[in-house]
Amino acid sequence: MEHLTKEEIKEGILQKLRRSFGHDLEDASQDEIYKAVGLTVREFIMDRWADANKAVFEQSAKRLYYLSAEFLMGRALVSNMINLSLLENYRAALGELGLSLSDIEEQEADAGLGNGGLGRLAACFLDALSTLDLPVTGCCIRYEHGLFRQKLDTGEQTEVDDNWLENGSVWEIPRREEKVEVHYGGEVHEVWTAEGLKIEHTNYSSIIAVPYDYPVIGYRSKIPATLRLWSARAKTELDMHYFNRGDYARAVEESALVESVSQILYPEDNHEQGKRLRLKQFYFLSSASMQFLVNRHKKRYGDVRELPEHYTVQINDTHPTVAIPEMIRILTDDEGLSWAEAYKITASMFNYTNHTILSEALERWNEGMFRELLPRIYGIVKEIDRVFRDKIWQKWPGDVARLEEMAIISNGEVRMANLCIAVCGRVNGVSELHGEIIRTRTFRDFYILFPDKFLGITNGVTHRRWLAKANEPLARLIAERIGDGYLKHYAEFDRVSELTSDEGFLAEYAEIRRQNKIRLRDHLYKKQGVEIDPDTAFDTQAKRLHEYKRQLLKLMHIMRLYFLIKRDPTAQVPRTTFLFAAKASPGYYRAKEIIRLILAAARLIDNDPDTKDILKIVFIENYGVSEAEILIPATDISEQLSTAGLEASGTGNMKFMASGAVTIGTLDGANIEIANAVGRDAVFIFGATAGEIERLDTYGNYDPRKVYAQNADIKQVLDSFIDGTMPVPSDRQFGELYGSLLDGNGERADKYYLLHDFDSYDRAWFEMMGVYADRERWMRISALNTARSHIFFADRTISEYNEKIWKMKAIE
C-alpha cells in the first residue's frame, strides 16, 4: 500500500496553502490550515477512489445502494488518517511545522447529517463496507443545516441553527453534471400511442437534485465507500421578470421554496406544511438516488433488465420507502418495461431494515396529501396495494379486519412499512430480540404470509472510530499486545480475552481509563465551565431523549439518593458523577420537560452542602459524535434503561462496552446479547422482561397510583416534582411529568413502567456500586467487556448482511 513520508506530507500541506489559499504557513488562518491538511488527505483517497470504481466495472461487481435519511459521520480528518495508516506520520509532520493535530481537528464541524443511532449506524456501515472491500454508495440529503445546536444555559433546552456548511466542506466533490430532475404534483393521464398505453405526467413542478460525493475510506481499503448527498436547486434560481421590475423578494421566492427541501434535517411535522416538506424530502432523496442508479447502470452495462445482477438496495428504516415505487416508475414510464417486469426487478433488488418496535413510529402518510404531492407514485402504490390485497384475501378469505390492517393503503393512510414488507426480498430486525419481536408481534401476520423474508441481524459499530480514534491509548495498548491486525480483521480482537487476567495489562488498562476521565474533566471545564471529579464513578446515560429510553427513571433514582442523604448524612452512597447527554426533538414537549427537570435537579444538588460532594449531575450540551468520542472512553457505567421490548437494538451500548464501560440495563435490544457475551456477572440486569411487559400491556392490571401509595421513596421523589423542592418558579413546577406517571394526562399512566421497575433498578444499582468499590474486580469486568465487544463490531454485522442478503463479492 502506498505511503506518505513526513517530508511529503509537510511539502503537500505548504503547497496547498499557497496554491489553494495564496498564503504561507505564517499567514494562514486556522481554517485554511485545516483545509490544506484535509486536501492532502483527500488527494490520497481520490486516486484509490478512481481506481476502485474502475475495478468495480471491470469485475462486474455488485454494488450496494444504502438509502438512509441520516448518516451521522462525525469528523473525517483523523478517522481518514487512521484508516490510511498515516496518523503518526501526519502527527509528526505537523509537529515539525509547529502545528497541533488536535487543534487542527477542532476546525472541522461535525457533518449535520443525522440525529441519533440511525445515522451513526449508517456511518459505521460505510466504514465497515469499505474495510471489507465491498462496493457501496450511501445516499442521503445534503442538509445545509443539521437538526439544531442545543443550548442549556437558560435551564432548559433551546435550539440554535446548526449551519455546519458555513465554511464549506473540504471532503465534498460536486457532481453537477450528474444532476437529475424530481417531479411533484401535477396530473397523471393514460395516453394511447403507437407503442401502446403510456402514462403521461403533466403540469408538475420540478426540483433539480445536484449531487455532492464524499469519499469514506475504510481501514487499508482498496475501495472507498461513496456517500452521495443530494442538494435541492430550482430550475430557475432567479426570475428575471420580477427582478427587472424591482420585485427582488419575489424574484428569488421560488428558489427559496425549492431549496427548503434540503435546508434542514427533520423539519417539525406537527403541522401540515411540515408533513408535506418531510414527504417532499424523502421523495427527493429516493427519486434522485434511483434515477442516478439507473443512469449509471445504462451508461456502464446497458440493459436495465440486468439491474439485479449489478445492484442491491437496502432501505434503512422507512424514510426512503418511496424509492420502491420510484424504481417501478422509472422502469415502466421511462424505460418502457411492462409492469410485471418492473415489479420483478424491483422486488429482487430491494431489502428493508426495520428499526422500531413502537407502532406509532411506523411511518404513515395522509392518503390525500400523498396523492396530491406524488400523483404518479400514488398510482403505482395503489396498484401494489391492489395486488397485495388479493394475496392477503387468498390467505385469509373473509377476514376484512386483517385485510385492512395489513393493506398498504387503508383508512386514509399510506403505510410505508407495509409497502416495504409487501415488495422487499428480505426484512430484518437489528438484534436477536428485535428479530423475534417483529416476527411474533409487530409484523406477525406478515411473517405468517412471508416466513422466509424475516431475519434478525444484530447491529454493530466501527471499532476504527469508536476505539482507534475515540480511545487511541487503549487501541495502542491492545496493538502492543496482539498486533494491529484487528483493525482490518475484527475476529483477531478475540485475543484480548487472554489479557483479562494479565496483571500488567490490567494495570495499564486502569491507568488509561483514569486518563480518559481526566480528559473528559478538562473538556467539560473548558466547554461548559463545569468541574467534575475523576475519582468519582462516571455514570452515563447518553442517547436521544425519548420517554421509552427512560432518562426520567434515572433522574428519579438520583433524587432517591438525594433524599437518602438528606435523611441520613452518614448513608453509604457512593460518590458518583451522573452524566446525561441527549437532544429532545423541538416539538416533543415532555422530552424537553425531562431535560428541564434534570437541569433543575443538578442545581438542587449542587447548592446543597449535604449532597454536593457526593452526587453531581452534568448535562452535556449539544451531544454529537465528537462529544461522544470524549465521553464514552471516560464512562464507568453505561445506563441502558429502555422499557424491555421497545429498544430494537441500540448501538451506544456497544460503543460504551468497547471502551470498558459496564452495562446496567434491562433485557432489551442488544443488552441481551451483551449479557450473553460477558456473562451475567459482568453486567447488571434489572426490570421486567419483554414478556412480562407484554402481559402487563395485555391485561391492563398495572396501577402506578397503587405503587406510589405503597412506596414511600417513589412518593417522595414524585412529590418533589410539584411541591417546590426543585429550584424553579412556582408556576413552572413539573406537574405534567408528575401527571403522566400517575394519571396519564389523557394516556395510559406510566406507560413505560418507570414506577414498576424503580425498586429493581435501585437494587441493581447498589449491587453494581458494591462491585465498583472493589477496584481490581471492577477492572477485570471492565476489560472483559472490552475483550468481548468484537462481537458487536460493524464488520461482523456487514459480513452477516452480505452473506444472508446482498451476496456481493469483495473487490480484488
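Above this text you will find the structure in question.
Predicted, not measured: the structure shown is a model, and the values here were computed from it.

Peer 1: Describe helix H21 (residues 472-482), listing the residues and the values that go with them.
Peer 2: Where H21 is concerned, the buried positions are Glu-472, Leu-474, Ala-475, Leu-477, Ile-478 and Ile-482. Here the buried face of H21 lies against helix H4 (87-96), helix H20 (463-469), helix H22 (503-528), helix H26 (652-658) and helix H33 (775-788).

Peer 1: Give a description of the sheet that holds strand S21 (residues 637-640) that names residues and reports values.
Peer 2: Ordered by their spatial adjacency, six strands build an open sheet running S20-S19-S18-S21-S22-S23, and the pairing between neighbours is parallel. Each of the sheet's edge strands pairs with one partner strand only, and the pair in question is strand S20 (615-620) and strand S23 (684-685). Sheet topology places strand S18 (residues 537-542) next to S21; two bridges connect them, and they run parallel. If you follow Asp-539 over to S21, its bridge partner there is Ile-637. Helix H24 (residues 589-606) contacts strand S19 (576-581) and S20 of the sheet and is inclined by roughly 145 degrees relative to S20.

Peer 1: I'd like to hear about the environment of Val-381, residue by residue, with values.
Peer 2: Along the chain, Val-381 falls in helix H15 (residues 375-395). Ignoring anything within four residues of it in the chain, the contact list for Val-381 reads Pro-325, Phe-370, Ile-408, Ile-409, Val-414 and Leu-419.

Peer 1: Account for unusual backbone geometry, with residues named and values stated.
Peer 2: Although it is not a glycine, Arg-220 sits at a positive phi angle of roughly 45 degrees. When you line up the elements, Arg-220 lands in the loop between strand S9 (205-216) and strand S10 (225-233). The residue Arg-550 is not glycine, and still its phi comes out positive at about 65 degrees. Here Arg-550 shows up in the loop between S18 and helix H23 (551-567). Looking at Arg-550, the relative accessible area reads 0%, which means it is buried.

Peer 1: Tell me what's going on with the side chain of Ser-410, and back it up with residues and numbers.
Peer 2: Here Ser-410 lies in strand S14 (residues 409-410). Of the residues examined, Ser-410 reaches a relative accessible area of 3% and is grouped as buried. Engagement of the side chain of Ser-410 in a polar contact is seen with the side chain of Glu-404, the distance being 2.5 Å.

Peer 1: Go over the pattern of salt bridges, please, and point to the residues and values.
Peer 2: Scanning the entire structure with this criterion turns up 72 salt bridges. Measuring nitrogen to oxygen at the nearest pair gives 3.5 Å for the salt bridge that ties Arg-415 to Glu-413. Several salt bridges converge on common partners, so that one network encompasses Glu-547, Arg-590, Glu-736, Glu-747 and Lys-751.

Peer 1: Give me the pairing of strand S1 (residues 63-67): which residues, what numbers.
Peer 2: Counting buried residues in S1 gives five out of five residues, a clear majority hidden from the surface. Burial along S1 is two-sided: the residues Arg-63, Tyr-65 and Leu-67 and Leu-64 and Tyr-66 are all buried. The pairing of S1 with strand S11 (residues 311-316) spans five bridges and is classified as parallel. Residue pairing for S11: Tyr-65 is matched across the bridge by Val-313. Relative to strand S2 (residues 136-141), S1 is paired through four bridges, and the arrangement is parallel. From the neighbouring strand, Leu-64 faces S2, where its bridge partner is Val-136.

Peer 1: Tell me about the pairing of S11, residues and numbers included.
Peer 2: Taken across its six residues, S11 has six buried, putting it largely inside the fold. Here S11 runs beside strand S12 (residues 350-353); their pairing, made up of four bridges, is parallel. Counterpart to Gln-314 in the pairing with S12 is Asn-351.

Peer 1: Help me get a handle on the side chain of Thr-458, residues and values and all.
Peer 2: Tracing the chain through its elements places Thr-458 in the loop between strand S17 (454-456) and H20. Sequence-distant contacts of Thr-458, that is, excluding residues within four places in its chain, are made with Val-430, Ser-431, Glu-432, Met-654, Glu-673, Phe-792, Arg-796 and Thr-797.

Peer 1: Any details on the packing of aromatic side chains? Residues and values, ideally.
Peer 2: By convention here, two paired aromatic rings are described through the distance between centres and the angle between planes. In this structure the tally under the stated criterion is 26 aromatic pairs. Consider the rings of Phe-388 and Phe-446, whose centres lie 6.1 Å apart with planes at 15 degrees: the pair is stacked. Note that Phe-388 is positioned in helix H15 and Phe-446 in helix H19 (residues 444-449), a separation of 58 residues in sequence. When sorted by exposure, Phe-388 lands in the same class as Phe-446, which is buried. Geometrically, the ring pair formed by Tyr-702 and Tyr-753 is tilted, given 5.1 Å between the ring centres and 45 degrees between the ring planes.

Peer 1: Can you explain empty space enclosed by the protein? Please cite residues and give values.
Peer 2: Inspection of every chain in the model, using the stated rule, returns two cavities of 30 Å³ or more. Approximately 130 Å³ is the volume found for the largest cavity. Residue lining of the largest cavity: 13 residues in total, with Glu-547, Arg-590, Ser-740, Leu-741 and Tyr-752 positioned closest to the centre. Sorting the residues of the lining of the largest cavity by element identifies H24 and helix H31 (735-742) as the ones contributing at least two each. Within the lining of the largest cavity, the residues separate by chemical class into five nonpolar, two polar and six charged. Taken as a whole, the second largest cavity holds about 50 Å³ of empty space. Together, Val-56, Ala-61, Arg-63, Arg-296, Arg-300, Tyr-301, His-310 and Tyr-311 line the second largest cavity.

Peer 1: I'd like a rundown of the nonpolar core, residues and numbers included.
Peer 2: Phe-370 and Phe-721 are the most contacted members of the largest nonpolar core, which totals 287 residues. Ignoring anything within four residues of it in the chain, the contact list for Phe-721 reads Leu-552, Leu-555, Met-556, Leu-597, Gln-733, Phe-734, Leu-737, Tyr-738 and Leu-741. Core analysis: the second largest hydrophobic core is formed by six residues, Ala-52, Ala-61, Ile-223 and Ile-811 among them.

Peer 1: Describe the packing of helix H27 (residues 671-678) against H33, listing the residues and the values that go with them.
Peer 2: One way to put it is that H27 packs onto H33 with a least axis distance of 9 Å and a crossing angle of 110 degrees. By the angle class used here, H27 and H33 are roughly perpendicular. Judged by the sense of rotation from one axis to the other, the crossing of H27 with H33 is right-handed. On H33, the residues touching Ile-674, Ala-677 and Val-678 of H27 are Leu-784, Asn-785 and Arg-788.

Rules and cut-offs
- In every chain, residue numbers begin from 1 and rise along the written sequence.
- With the structure being a predicted model, the display of local features is reserved for residues of pLDDT at least 70 and the display and counting of side-chain atom pairs for 80 or more, all residues being used for whole-chain, interface and lining totals.
- Excluded from the side-chain calculations are hydrogens and water; all other atoms, namely the structure's heavy atoms, are used.
- When a residue's accessible area, from a 1.4 Å probe over protein chains only, is under 20% of the maximum for its type it is buried; when over 50% it is exposed; and in between it is partly exposed.
- Comment: elements are numbered from the N terminus, with helices defined as DSSP H or I runs of at least four residues and strands as E runs of at least two.
- We call two residues contacting when some pair of their heavy atoms lies within 4.5 Å.
- Paired strands are those between which DSSP finds at least two bridges.
- To obtain each axis, a line is fitted to C-alpha atoms, and for helices this fit is confined to the stretch in contact; angles are then taken between N-to-C directions over 0 to 180 degrees.
- Definition of a polar contact: a pair of N or O atoms within 3.5 Å, with one able to donate and the other able to accept a hydrogen when the atoms are protein atoms, and with sequence-neighbouring residues admitted only if both atoms are side-chain atoms.
- Each reported salt bridge corresponds to a side-chain nitrogen of Lys or Arg within 4 Å of a carboxyl oxygen of Asp or Glu.
- Note on aromatic pairs: the rings of Phe, Tyr and Trp (six-membered ring only in Trp) are paired at centre separations within 6.5 Å, and the planes decide the class, stacked below 30 degrees, edge-to-face beyond 60, tilted for the rest.
- Both cavities and pockets are sets of points on a 1 Å grid over the protein atoms alone; in a cavity a 1.4 Å probe fits but cannot get out, in a pocket the set is open with protein on both sides within 12 Å along at least five of seven lines, and lining residues sit with an atom within 4 Å of a point.
- Grid points are joined across faces, edges and corners, and a volume is the space filled by probe spheres set on the points.
- When residue character is reported, Ala, Val, Leu, Ile, Met, Phe, Trp, Tyr, Cys and Pro are called nonpolar, Asp, Glu, Lys and Arg charged, and the others, Gly included, polar.
- The term nonpolar core refers to a set of buried residues drawn from Ala, Val, Leu, Ile, Met, Phe, Trp, Tyr and Cys, joined through side-chain atoms within 4.5 Å.
- Put simply, angles under 35 degrees are roughly parallel, angles over 145 are roughly antiparallel, angles from 65 to 115 are roughly perpendicular, and the rest are oblique.
- Left-handed describes a crossing whose near helix is turned anticlockwise from the far helix through less than a right angle; right-handed describes the clockwise counterpart.

It is worth stressing that arrangement in space is one thing and function is another; only the former is reported here.
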